[in-house]
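# Breakdown of the fold
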Amino acid sequence: MTVQRALIIDDEPDIRELLELTLNRMNIDTEAAADLAEAHEHLHANKYDLCLTDMRLPDGNGIELVEFIQQHYPKLPVAVITAYGSVESAVQALKAGAFDFVSKPVDLDVLRRLVQSALKLSISYKGKNLRSRHELLGDSAVMQGIRGTIVKLARSQAPIYISGESGTGKEMVARLIHNKGPRSDRPFIPVNCGAIPSELMESEFFGHKKGSFTGAINDKEGLFLAASGGTLFLDEIAELPVTMQVKLLRAIQEKAVRPVGAEKEVPVDVRILSATHKDLDRQVNEGHFRQDLYYRIHVIQLDVPPLRARAEDIPLLADHILDKITQLQGAKPVKLTDDALGALQGYSFPGNVRELENILERAMTLCEDQTIHITDLHLPEITGDRQKDNPQLEEYLDEQAKQAILKALERTRYNKTAAAKLLGISFRAFRYRLKKLGID
């Protein structure tokens, strides 16, 4: 069994001794340095699985070491020890590429969890498939860049803020960051912050004790504890009321939660990923979102582009979506004409990939001979950010599909099997459409 090694840098002998003793008890060999110069000598002469460094050193600071390791030893996870409550230093370290941070006075339980997560990096990455081309589709330069960024972000424990319009795939990106990292064997818990009633938020996030309020008939662990050791994805985080933002900030900073009705806080080990389709900077400037929470979750930002910014990916996406739908419905393969594909590439897609899926799903109902023509797409004329005469795009397209089905039923004297054949879809797909569109 290979013995794992850690490098510890701190100018205080007592802290060095405490850290070495703790790691030695975890069967990790350690070497220590009192300053940056000595640390560089060790790094040059030996190989390590983990590095722990104090922020303040006699001949520089921990950020300099983080940047040096990122440049010369990018696979070595480095964690920074910061002064208590120094959020700015922690954020600076994470932005520089630190794996994580721990505050003084060092909580040994927090330190052990950090060390275990860091060491899992070198173990889990051996033989692990870090590619995501078959999950996050697109060969455009911007999508290749995002896939490369996901691999880098997966190695960190830094909070990531994922920005992008509705329907661009922000949750998929968050899930990939989780799956490609050392927490992949632990839960990924997505939560839509806008879907939780404000009066239930504290209980949903932090849990509650039996009898703590009317209706609390059992203990409940809450989302933070459910995601223990894994990742909590806070979608539409801008929808959180300010009172909940305060409590969320404390939970993130202290790495602990207090269930409703409990006397003590419970430590939690959770990575936070968040997203919203709103302009979070504007939300902060207008006073709707707390600036201190913004800085805590906004350590690193990842922008997911709208579909109109990567039109060259539409043929690949369309083929994938059509294959998925035909397999799900048991239908025959469907193809797009060149004109239809060109129309899709020229459309602005305010609803992004989600809208592309809806358009193709409906077009399959309208098309004949398993071929989607441009007229089957029923692409609306867009003015501004929505259709002028049909403000609800989905309702408009649903109505188009409904009328096509009703006409087919009339022509076949309401013989469903014949109507499905007339529309060029399987009977199973036809029944699915009837149910979805509410046609008796």
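The structure we're discussing is the one just above.
So, a few notes on the structure that sits alongside this text. Since we're looking at a predicted model, the values are computed, not measured.

On to the sheet that holds strand β2 (residues 28–33). In a beta sheet, neighbouring strands pair by backbone hydrogen bonds and run either parallel or antiparallel. Strands sit in the order β2-β1-β3-β6-β7 across an open sheet of 5 strands; the sheet is parallel. Each edge of the open sheet carries a strand with a single partner, namely β2 and β7 (100–103). Each strand of the sheet is rotated relative to its neighbour by a mean of 20 degrees, with strand direction disregarded. By the bridge criterion, 4 bridges tie strand β6 (residues 78–82) to β7 in an arrangement that is parallel. Across the sheet, the residue bridging to valine 80 is phenylalanine 101, located in β7.

Turning our attention to the nonpolar core. Membership of the largest hydrophobic core comes to 31 residues, with the highest contact counts inside it found for Phe205, Phe224, Leu232, Leu234, Leu240, Leu248 and Phe289. Residue assignment for this core shows that the elements contributing at least two residues are β9 (188–192), α8 (201–206), α9 (222–226), β10 (231–235), α10 (242–254), α11 (280–285) and α12 (291–297). Considering each element in turn, this core owes the most residues, 5 residues, to α10. Beyond its immediate stretch of four places on either side in the chain, leucine 232 contacts Ile189, Val191, Leu223, Phe224, Ala227, Val270, Arg271, Ile272 and Leu273. Formed by 25 residues, the second largest nonpolar core is a distinct cluster that contains Ala311, Leu344, Ala363 and Cys367.

Bringing helix α6 (residues 141–154) into the picture now. Since one α-helical turn is 3.6 residues long, residues separated by three or four positions face the same way. For α6, built from 14 residues, the straight-helix expectation of 20 Å at 1.5 Å per residue is met to within 8% by its first-to-last C-alpha distance of 20 Å. All of the buried residues in α6 are Met143, Ile146, Arg147, Ile150, Leu153 and Ala154. Axial view of α6: buried residues confined to an arc of 125 degrees, hence all on one face. Exposed positions of α6 whose direction lies more than 90 degrees from the buried face are Ala141 and Lys152. Buried residues belonging to α6 abut β8 (160–163), α7 (170–179), β13 (271–276) and β14 (300–303).

Across the 5 residues that make up β10, a large majority, 5, are buried. Judged by which residues are buried, β10 turns out to be covered on both faces: Thr231, Phe233 and Asp235 on one side and Leu232 and Leu234 on the other are all buried. Sheet topology places β9 next to β10; 5 bridges connect them, and they run parallel. Within β10, the residue paired with isoleucine 189 across the bridge is leucine 232. Across 4 bridges, the pairing between β10 and β13 is parallel. Note that in β13 the partner of phenylalanine 233 across the bridge is leucine 273.

The linkage connecting lysine 104 with the following residue, proline 105, adopts the cis geometry, with an omega of -10 degrees. In this structure, proline 105 sits in the loop between β7 and α5 (108–124). In this structure, lysine 255 is a non-glycine residue whose phi angle is positive, near 55 degrees. Secondary-structure assignment places lysine 255 in the loop between α10 and β11 (256–257). A relative accessible area of 23% places lysine 255 in the partly exposed class.

A full pass over the atoms with the stated rule returns 7 aromatic pairs. For the ring pair phenylalanine 205 and phenylalanine 224, a centre distance of 6.4 Å and an interplane angle of 55 degrees mean the geometry is tilted. One end of the pair, phenylalanine 205, is in helix α8; the other, phenylalanine 224, is in helix α9, with 19 residues separating them in the sequence. On the accessibility criterion, phenylalanine 205 (1% relative accessible area) is buried. Taken together, the ring pairs in this structure connect Phe205, Phe206 and Phe224 into an aromatic cluster.

A word on the side chain of threonine 22. Turning to its location among the elements, threonine 22 is positioned in helix α1 (residues 13–24). Only 2.8 Å separates the side chain of threonine 22 from the backbone oxygen of leucine 18, close enough to count as a polar contact. In contact with threonine 22, other than residues within four places in its own chain, are Leu108, Leu111 and Arg112.

Attention shifts here to the side chain of glutamine 245. Mapped onto the elements of the fold, glutamine 245 is located in helix α10. Of the polar contacts made by the side chain of glutamine 245, one reaches the backbone oxygen of leucine 240; its length is 2.8 Å. Not counting residues up to four positions away in its chain, the partners in contact with glutamine 245 are Leu240, His288, Phe289, Arg290 and Leu293.

All right, on to the pairing of strand β3 (residues 50–54) then. A large share of β3 lies buried, amounting to 5 of its 5 residues. Of the two faces of β3, the one carrying Leu50, Leu52 and Asp54 and the one carrying Cys51 and Thr53 are both buried. Bridge analysis of strand β1 (residues 4–9) against β3 gives 4 bridges, and the strand direction is parallel. Across the sheet, isoleucine 8 pairs through a bridge with leucine 52, a residue of β3. Judged from the 4 bridges that link them, β3 and β6 form a sheet pairing that is parallel. In the sheet register, cysteine 51 faces β6, and the bridge partner there is valine 78.

Rules and cut-offs
- Here the residue numbering is sequential within each chain, running from 1 through the sequence in written order.
- Predicted model: local features are reported for residues with pLDDT of at least 70 only, side-chain atom pairs are reported and counted for 80 or more only, and whole-chain, interface and lining totals are derived from all residues.
- Water and hydrogen atoms were dropped before computing side-chain values, which therefore reflect all heavy atoms in the structure.
- DSSP calls a pair of strands paired once it identifies at least 2 bridges connecting them.
- In this description a helix means any DSSP run of H or I spanning at least four residues, a strand means any run of E spanning at least two, and both kinds are numbered starting from the N terminus.
- To obtain an axis, a line is fitted to C-alpha atoms, over the contacting stretch when the element is a helix, and the angle between two such axes runs from 0 to 180 degrees between their N-to-C directions.
- As used in this record, nonpolar core signifies buried Ala, Val, Leu, Ile, Met, Phe, Trp, Tyr and Cys residues forming a set joined through side-chain atoms within 4.5 Å.
- Burial classes: relative accessible area under 20% of the type maximum marks a residue as buried, over 50% as exposed, and values in between as partly exposed (1.4 Å probe, protein chains only).
- Any two residues whose heavy atoms approach within 4.5 Å are treated as being in contact.
- In this scheme, a helix's expected span is set at 1.5 Å multiplied by one less than its residue total.
- The directions from the helix axis to the C-beta atoms form the arc being described.
- Between the rings of Phe, Tyr and Trp (Trp by its six-membered ring), a pair exists once the centres lie within 6.5 Å; its type follows the angle of the planes, with under 30 degrees stacked, over 60 edge-to-face, and the other angles tilted.
- Here a polar contact is taken to be a pair of N or O atoms separated by no more than 3.5 Å, where protein atoms must pair a possible hydrogen donor with a possible acceptor and residues adjacent in sequence count only if both atoms sit in side chains.

Interpretation in functional terms is not warranted from these geometric data alone.
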